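Structural description and commentary
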Amino acid sequence: MFRSMLVRSSASAKQSVLRRNFSSGSVPERKVAILGAAGGIGQPLALLMKLNPLVSSLSLFDIANTPGVAADVGHINTRSQVVGYMGDDELAKALEGADLVIIPAGVPRKPGMTRDDLFNINAGIVKNLASAIAKYCPHALVNMISNPVNSTVPIAAEIFKKAGMYDEKKLFGVTTLDVVRAKTFYAGKANVPVAEVNVPVIGGHAGVTILPLFSQATPQANLSADVLTALTKRTQDGGTEVVEAKAGKGSATLSMAYAGALFADACLKGLNGVPDVVECSYVQSTITELPFFASKVRLGKNGVEEVLDLGPLSDFEKEGLEALKPELKSSIEKGVKFANQ
């Protein structure tokens, strides 16, 4: 009894300290906008961002149903103020003053669909949203979740260039779900606690363009070539695994929201000056001959502070790297072409 009272009193003391810290301004004010907030990824992502103490203002935008999501999430007793915006007429208000814009907008994959099948619908949505970002919050960090990320990031870059507002340090393709899956699958096979696992994932964010670097995984485990090949394949096909398991009722929305919230948190920490924040992300890059590439990135007050080298690759990974380049190149070119039509 006495112990539970102590736990309760220590918890309430901790909360009051947190409240004092927020009110004294020790944590910067940060507005986060989610575009596509009423969708399958958007709703759980809105919930997770409402739980993040670094967010002071949470702006939820979608073409329909946003007032309900905002009312629901807005009742949660955490720091951020929540406002819902619905329809194109309210997009400007949703974006103004945003420090970070997360874009899960668009249609999800269904069984039998490839990420390229999504292109025709989602590319147009991303083009319009990028135009609005360039106009209403040109200095915000942009986290692109809408698939196919390999193409939608180049689309956004081209739209920002046309508006004279492109800063390559502030545009990110969110590939965190590939890292999350690689960690989970590796921990299972290596029989190590998943919380201790790190696995860099490079390349892109679809099928064979996803290349987990298990040779650099920590803690190291002596896994056979066959197991590593199977782990690589499972990481690449993780999205399809969920689409098929849901049998037409959706795609990887919950794990994607989790991964999106993790990466957004890293971006906010970087903006707030936390040192040595390193995550994998699909960004403009010169570490290969391709203009966009996912690899480890150090995040800071300006977004990308440094794109880190790939490090040593195994022979299997070197082959995978060469094999993914033509498909990734084609996806990038497809995005650029679409943006300039």
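It should be emphasised that the depicted structure is a prediction, and the values quoted were computed from it without experimental measurement.

What counts, and where the lines are drawn
Residues numbered from 1 in each chain as written. Predicted model: local features only at pLDDT ≥ 70, side-chain atom pairs only at ≥ 80, totals over all residues. Heavy atoms only, no water. Helix = DSSP H or I, 4+ residues; strand = E, 2+ residues; numbered from the N terminus. Core = buried A, V, L, I, M, F, W, Y, C linked by side-chain atoms within 4.5 Å. Buried < 20%, exposed > 50% of the residue type's maximum accessible area, 1.4 Å probe, protein only. Contact = heavy atoms within 4.5 Å. Axes fitted to C-alpha atoms, helices over the stretch in contact; angles between N-to-C directions. Parallel < 35°, antiparallel > 145°, perpendicular 65-115°, else oblique. Arc of directions from axis to C-beta. UniProt positions renumbered as here; feature names shortened; annotations may be inferred. Left-handed = near helix turned anticlockwise from the far one by under 90°. Nonpolar A, V, L, I, M, F, W, Y, C, P; charged D, E, K, R; others polar.

**Here's the deal with the environment of Ser 314**
Relative to the helices and strands, Ser 314 resides in the loop between β11 (303-307) and α11 (315-339). In the structure, Ser 314 is positioned 98 residues away from Gln 216 in sequence and 9.0 Å away in space, judged by C-alpha atoms.

**Details of the nonpolar core**
Counting residues in hydrophobic clusters, the biggest one holds 48 residues, and the most contacted among them are Leu 35, Leu 95, Val 101, Ile 103, Ile 133 and Phe 160. Looking at this core, the elements with two or more residues in it are β1 (31-35), α4 (91-95), β4 (100-103), α5 (119-136), β5 (141-144), α6 (149-162), β10 (292-300) and α11. With 8 residues, the top contributor of residues to this core is α5. Those residues in contact with Ile 133 that sit more than four places away from it in its chain are Leu 35, Leu 95, Val 101, Ile 103, Pro 138, Val 142 and Phe 160. Val 27, Leu 45, Ile 102 and Ala 264 belong to the second largest nonpolar core, which has 41 residues in total.

**A few points about the side chain of Thr 232**
Along the chain, Thr 232 turns up in helix α8 (residues 225-236). The exposure class of Thr 232 is buried, given its relative accessible area of 5%. Apart from residues lying up to four places away in sequence, Thr 232 is in contact with Pro 212, Phe 214 and Phe 316.

**Here's the deal with the packing of helix α7 (residues 176-190) against helix α10 (residues 253-271)**
With their axes 8 Å apart at the nearest point, α7 and α10 run at an angle of 110° to one another. Taken as axis vectors, α7 and α10 run roughly perpendicular relative to one another. When α7 is examined against α10, the residues Thr 176, Leu 177, Val 180 and Arg 181 are found in contact with a partner set consisting of Ser 255, Met 256, Tyr 258, Ala 259, Leu 262 and Phe 263.

**Brief notes about helix α9 (residues 238-245)**
Where α9 is concerned, the buried positions are Gly 238, Gly 239 and Val 243. The arc that holds the buried residues of α9, viewed along the axis, is 135°, so those residues lie on one side. What points out from α9, more than 90 degrees from its buried face, is the exposed set Glu 244 and Ala 245. Against α7 and α8 lie the buried residues of α9. Positive phi appears at Ala 247, one or two residues downstream of α9, with a value of about 50°.

**Structural notes on unusual backbone geometry**
With an omega of 0°, the peptide bond running from Asn 147 to Pro 148 counts as cis. Turning to its location among the elements, Pro 148 is positioned in the loop between β5 and α6. Between Thr 218 and Pro 219 the backbone carries a cis peptide bond, its omega angle lying at -10°. With respect to the element layout, Pro 219 can be found in the loop between β8 (210-212) and α8. Backbone geometry at Asn 65 places phi at a positive 70°, although glycine is not the residue there. Here Asn 65 shows up in the loop between β2 (57-62) and α3 (66-74). Given the relative accessible area of 58%, Asn 65 is considered exposed. Phi at Asn 191 takes a positive value of approximately 60°, unusual for a residue other than glycine. Turning to its location among the elements, Asn 191 is positioned in the loop between α7 and β7 (201-203).

**Remarks on the environment of Phe 160**
Relative to the assigned elements, Phe 160 resides in helix α6. Take Phe 160: its relative accessible area is 7%, and that puts it in the buried class. Sequence-distant contacts of Phe 160, that is, excluding residues within four places in its chain, are made with Ala 130, Ile 133, Ala 134, Val 142, Met 165, Tyr 166 and Leu 171.

**Quick word on the environment of Tyr 136**
Within the secondary structure layout, Tyr 136 lies in helix α5. On the basis of relative accessible area, Tyr 136 is assigned to the partly exposed category, the value being 30%. Sequence spacing of Tyr 136 and Val 153 is 17 residues, and the spatial spacing of their C-alpha atoms is 19 Å. Setting aside chain neighbours within four positions, we find Tyr 136 in contact with Ala 92, Leu 95, Glu 96 and Gly 97.

**Digging into the UniProt feature "domain: Lactate/malate dehydrogenase C-terminal" (unreviewed entry) in the chain**
Residues annotated by UniProt as "domain: Lactate/malate dehydrogenase C-terminal" (unreviewed entry) correspond here to residues 175-338. Across residues 175-338, the secondary structure splits into 48% helix and 17% strand, with the terminal C-alpha atoms separated by 22 Å.

**Section: the packing of helix α2 (residues 42-50) against α3**
Direction vectors running N to C along α2 and α3 enclose 30°, while the axes themselves pass 10 Å from each other. Judged on the interaxial angle alone, α3 and α2 are roughly parallel. Between α2 and α3 the crossing geometry is right-handed. The segment α2 lies against α3, with Gln 43, Ala 46, Leu 47 and Lys 50 engaging Val 69, Val 73 and Gly 74. Each residue belonging to the contact of α2 with α3 can be placed in one class, and the counts come to 4 nonpolar, 2 polar and 1 charged.

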